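# Observations on the model geometry
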Amino acid sequence: MTMNSSIIKRAWCAAFCALFLPLLASAAMFSGGDSLSPTALASSADGKTLFVACATSDRVLEFEVASGRVTRTFRVEASPLGMALSKDGKELFVTCAAPESKVAVIDLAKGKAVRTLTAGHTAMAPVLSADGKTLYVCNRFDDEVAFLDVASGKTTARIAVPREPIATAITPDGKLLFVANHIHAGRADADVVAASVSVIDTASAKLVKDIKLVNGSGLLRGVAVSPDGKYVAVTHQVSRFHLPTTQIERGWINTAGLTILDVAALKQINTVLLDNIDYGAANPWAVTWSADGKRIVTSHAGTHDLSVIDAPALLAKLEKMPSAIVPGTKVDYTIASHVAADVPNDLSFLVGVRTRVKLPVSDRGPRAVALIGARAFVANYFSDSLASFDITSDRANVASHSLGGAKTMSAERRGEFYFNDGSICFQGWQSCSSCHSSDARVDGLNWDNLNDGIGNPKNAKSLLFSFNTSPSMWLSVREDARVAVRAGIKHSLFTVQPADVADSLDAYLKSLKPVPSPRLVNGKLTAAAERGSKLFEDEAVGCYECHKGKFYFDQKSHDVGTRSQYDKPTDIFDTPALLEGWRSAPFLHDGSAVTIRDVLTTRNPNNEHGNVKKLTQEQLNDLIEYVLSL
């Protein structure tokens, strides 16, 4: 590389970080055109009003329950991903997600935000303390939960959690905060791979336990504490990543999980499946308990329906499950679960204790759920609507309430919808987002897809810039992303779809924008990252030899000494693009590197992908800082 090209490259990177990335901080991070994208709900204490946070329109709607109409609109400065209402009902705290997030404090009497609190990267899921003095906020991409003093606006504590905290729930006494971590934080090539629920003691502001869920658990979305404070319910996916993707029936690849935790013991009771035997419940999202504790309601964002579960009956059924079969006991072979360990694989366990409520075609993408008495209100992300129904009725009469928004979807918006739509999959078992999350990134798992043979699982890639970094797949078996999209519909969703579906998916993937790294400060590289950029470009270190250009990618495959036990001796692997690599762990084709440090050290014994042995520890740290800033 010449000196001139190095200077140009550094100049381009500096311009990108300083000018382009800050512009992505709000609207571009959650772009939806003219759509509203209702994503969070909060109800007033008297049940007369619902507040609706609209992720892609930077606004909060006030919805009058009695009339079924929007009465006021509050503008906020960035994407509102969560809300918490003060106990006196006078103030609404709205987390406005951005690389440097704010919490808007809306005075409901005045009808406007009167002040803001400072939060971290992509703030969401706010919960108020029992005394109302502290606001607990998930800073998703800082991997932390922050304690914000409501009066002063200062952050009084930051508690590190494993990875991407995305939902929270507090016990009635305010002593424990349960935090759902979206993705696991370990290797993908282990026998047991699962995300966790973090438990924080609010008095000491300390993490007291991480409760790892059943094997294959990931893409956590919802968490709720029972009214009596004894149980916690968590929605998540249960991925059968250890099986080859040869079929999809009966949850062979993905199933929808609901895990019940014991608060006193801080452990799992068990995981039940929200799917039916012949129809999945793709992309489980929100969960909430009725005020009387009799029902649990969950939304299935991919199949556009909900589950209403008889909570006492479910808990009683779980309690009766023995840990082992007592010798001499007569076995009932008409049921699938004989011991507790069978339950997470039992697609019939909820029969008799659950009603599945299908939404009308006017309501697509159910996410948040709020209960007002016996009536459930559901925020439908893709149809800009609320649905409501009586959770005590055997035959739910679902009403639909339009919130306004775009009348028609753009190609990009249709693509985002199809990406998250389990109904275009055979029997609704999964969607594209089941392996790439709802924003087309990663799930942190290795999958044995059949595009390159069988018995050689590969780590799921982020789809950001997938149309700019051909060829596709780790072994470059697809010519480009366009081919990969159409192959995915056929071989991962197991259906044939109209051409518009694939074309719209193309448009959506092309529209994806990178999220600025949490390592940047005011959109710029730190001094350490600046030093690391020079090492990255140093020919003696060798990073830039393969990770070059705008996307840090050379369109080639290489043998860099990372073959594992399941690979062929002749396998060489596609060069991954490094932009947004900070959120794409685990790394390498087999997910064997948890961190970039692992990529450069423990998984690089012979300096075949980065000549780093000659670097000092400080230099290595600088290089890592740069890569994680891209």
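Up top is the structure these notes are about.
Keep in mind that what you see is a predicted model, and the values were worked out from it rather than measured. (Residues numbered from 1 in each chain as written. Predicted model: local features only at pLDDT ≥ 70, side-chain atom pairs only at ≥ 80, totals over all residues. Heavy atoms only, no water.)

### Considerations on the overall build of the protein
Looking only at helices and strands, one finds ten helices and 32 strands in the protein. By the compact-globule yardstick of 25 Å for 630 residues, the protein fits well, its C-alpha radius of gyration being 24 Å. Considering only C-alpha atoms, the protein reaches an extent of 70 × 65 × 50 Å along its principal axes. Per-residue burial for the protein yields a buried fraction of 58% across its 630 residues. Pairs at least 24 residues apart make up 53% of the contacts formed inside the protein by residues separated by at least 6 positions. (Helix = DSSP H or I, 4+ residues; strand = E, 2+ residues; numbered from the N terminus. Rg over C-alpha atoms; globule rule 2.2 N^0.38 Å. Buried < 20%, exposed > 50% of the residue type's maximum accessible area, 1.4 Å probe, protein only. Contact = heavy atoms within 4.5 Å.)

### Points about the sheet that holds strand S27 (residues 385–390)
On the basis of which strands lie adjacent, the open sheet formed by four strands has the order S25-S26-S27-S28 and antiparallel pairing. Each of the sheet's edge strands pairs with one partner strand only, and the pair in question is strand S25 (366–372) and strand S28 (399–402). Each strand of the sheet is rotated relative to its neighbour by a mean of 25 degrees, with strand direction disregarded. Pairing of S25 with strand S26 (residues 375–380), which is carried by five bridges, proceeds in the antiparallel orientation. Bridging across to S26, Val369 finds its partner in Val378. (Pairing = 2+ DSSP bridges. Axes fitted to C-alpha atoms, helices over the stretch in contact; angles between N-to-C directions.)

### Considerations on the state of the cysteines
Tallied over the full model, the rule gives zero disulfides. Cys138 takes part in no disulfide bond, and the closest cysteine sulfur to it belongs to Cys96, at a distance of 15 Å. What makes Cys138 buried here is its relative accessible area of 0%. Here Cys543 is not disulfide-linked; the sulfur of Cys546 is the nearest cysteine sulfur, at 9.2 Å. (Disulfide = S-S within 2.5 Å.)

### A closer look at the packing of helix H3 (residues 411–419) against helix H6 (residues 499–511)
Look at H3 against H6: their axes get within 7 Å of each other, and the N-to-C directions meet at 105 degrees. Looking at the two axes, H3 sits roughly perpendicular to H6. Only Asp500, Val501, Ser504, Leu505, Ala507, Tyr508, Leu509 and Ser511 of H6 make contact with H3, whose side of the interface consists of Ala411, Glu412, Arg414, Gly415, Glu416, Tyr418 and Phe419. A breakdown of the residues in the contact of H3 with H6 according to their chemical character gives eight nonpolar, three polar and four charged. (Parallel < 35°, antiparallel > 145°, perpendicular 65-115°, else oblique. Nonpolar A, V, L, I, M, F, W, Y, C, P; charged D, E, K, R; others polar.)

### Quick look at the pairing of S27
Remember that side chains alternate between the two faces of the sheet whenever the strand is regular. In terms of residue burial, S27 counts as a mostly covered element, since five of its six residues are buried. As judged from the six bridges shared by S26 and S27, these two strands associate in the antiparallel manner. Opposite Ala379, over in S27, you have Leu386 as the bridge partner. Connecting S26 to the next strand, S27, in antiparallel fashion are four residues, including Asp384 with a positive phi near 50 degrees. In terms of strand pairing, S27 meets S28 through four bridges, oriented antiparallel. By the bridge assignment for S28, Ser388 is matched with Ala399.

### Some remarks on the packing of aromatic side chains
Any two aromatic rings considered together are summarised by their centre-to-centre distance and by the angle between their planes. Per the stated rule, a full pass over the model turns up ten aromatic pairs. On the basis of an interplanar angle of 80 degrees and a centroid distance of 4.9 Å, the ring pair of Tyr381 and Phe382 is categorised as edge-to-face. A residue is classified by how much of its surface remains accessible, and Tyr381, at 6% relative accessible area, is buried. Relative accessible area serves as the criterion here: at 7%, Phe382 is assigned to the buried category. With 6.4 Å between their ring centres and 65 degrees between their planes, Phe536 and Tyr544 make a pair best called edge-to-face. For Phe536, a relative accessible area of 1% gives the class buried. (Phe/Tyr/Trp six-rings, centres within 6.5 Å; stacked < 30°, edge-to-face > 60°.)

### Some points on the sheet that holds strand S18 (residues 231–239)
As summarised here, the arrangement of the four strands in space is S17-S18-S19-S20, forming an open sheet in which the pairing is antiparallel. On the outer flanks of this sheet lie strand S17 (217–225) and strand S20 (267–273), each paired with one strand and no other. Across the sheet, the mean angle separating the axes of adjacent strands is 25 degrees when strand polarity is ignored. Relative to S18, S17 runs antiparallel, the two being bridged by six bridges. Pairing of Val225 across the sheet is with Val232, part of S18. Here helix H2 (residues 311–320) sits on the sheet in contact with S18, strand S19 (254–262) and S20, set at roughly 110 degrees to S20.

### So, H2
Along an α-helix, residues three or four apart share an orientation, since each turn contains 3.6 residues. Within H2, burial applies to Ala311, Leu314, Leu315 and Leu318. The buried residues of H2 occupy an angular sector of 95 degrees when projected down its axis, which confines them to one face. Looking at the buried positions of H2, the neighbouring elements they touch are S18, S19, S20, strand S21 (284–289), strand S22 (295–300) and strand S23 (305–310). Two or three places before Ala313, at the opening of H2, Asp310 has a side-chain oxygen 3.1 Å from that residue's backbone nitrogen. (Arc of directions from axis to C-beta. Polar contact = N/O pair within 3.5 Å; in protein donor to acceptor, adjacent residues only side chain to side chain.)

### Considerations on the nonpolar core
Within the largest apolar cluster, 100 residues are counted, with the highest numbers of intra-cluster contacts made by Phe178, Phe536 and Leu623. Ala256, Ala311, Phe349 and Val353 belong to the second largest nonpolar core, which has 21 residues in total. (Core = buried A, V, L, I, M, F, W, Y, C linked by side-chain atoms within 4.5 Å.)

### Description of the environment of His609
Summarising the element assignment, His609 is placed in the loop between helix H9 (596–600) and helix H10 (617–627). Placed 68 residues apart in sequence, His609 and Val541 show a C-alpha to C-alpha distance of 9.0 Å. If sequence neighbours within four positions are ignored, His609 has contacts with Val560, Thr562, Leu588, Val599, Leu600, Arg603 and Asn604. Only 2.9 Å separates the side chain of His609 from the backbone oxygen of Arg603, close enough to count as a polar contact.

### Some points on the packing of helix H7 (residues 527–537) against H10
Helix-helix packing: each pair is described by the crossing angle between the helix axes and the interaxial distance. Packing of H7 against H10 brings their axes to within 7 Å, and their N-to-C directions diverge by 95 degrees. Relative to H10, the element H7 lies roughly perpendicular. Facing Ala528, Ala529, Arg531, Gly532, Ser533, Leu535 and Phe536 of H7, the residues of H10 in contact are Glu618, Gln619, Asp622, Leu623, Glu625, Tyr626 and Val627. Residues that form the contact of H7 with H10 fall into these classes: seven nonpolar, three polar and four charged.

### Re the environment of Ala527
For Ala527, the position within the fold is in helix H7. Taking relative accessible area as the criterion, Ala527 reaches 53% and is therefore assigned exposed. Ala527 sits 107 residues away from Asn420 along the chain, and the two C-alpha atoms are 40 Å apart.

### Re the environment of Asp559
Looking at the element boundaries, Asp559 is found in the loop between strand S31 (557–558) and strand S32 (573–574). Assessed through its relative accessible area of 38%, Asp559 is described here as partly exposed. Every residue in contact with Asp559, bar those within four places of it in the chain, is listed here: Ile572 and Glu608. A polar contact is formed between the side chain of Asp559 and the backbone nitrogen of Gly561, at a distance of 3.1 Å.

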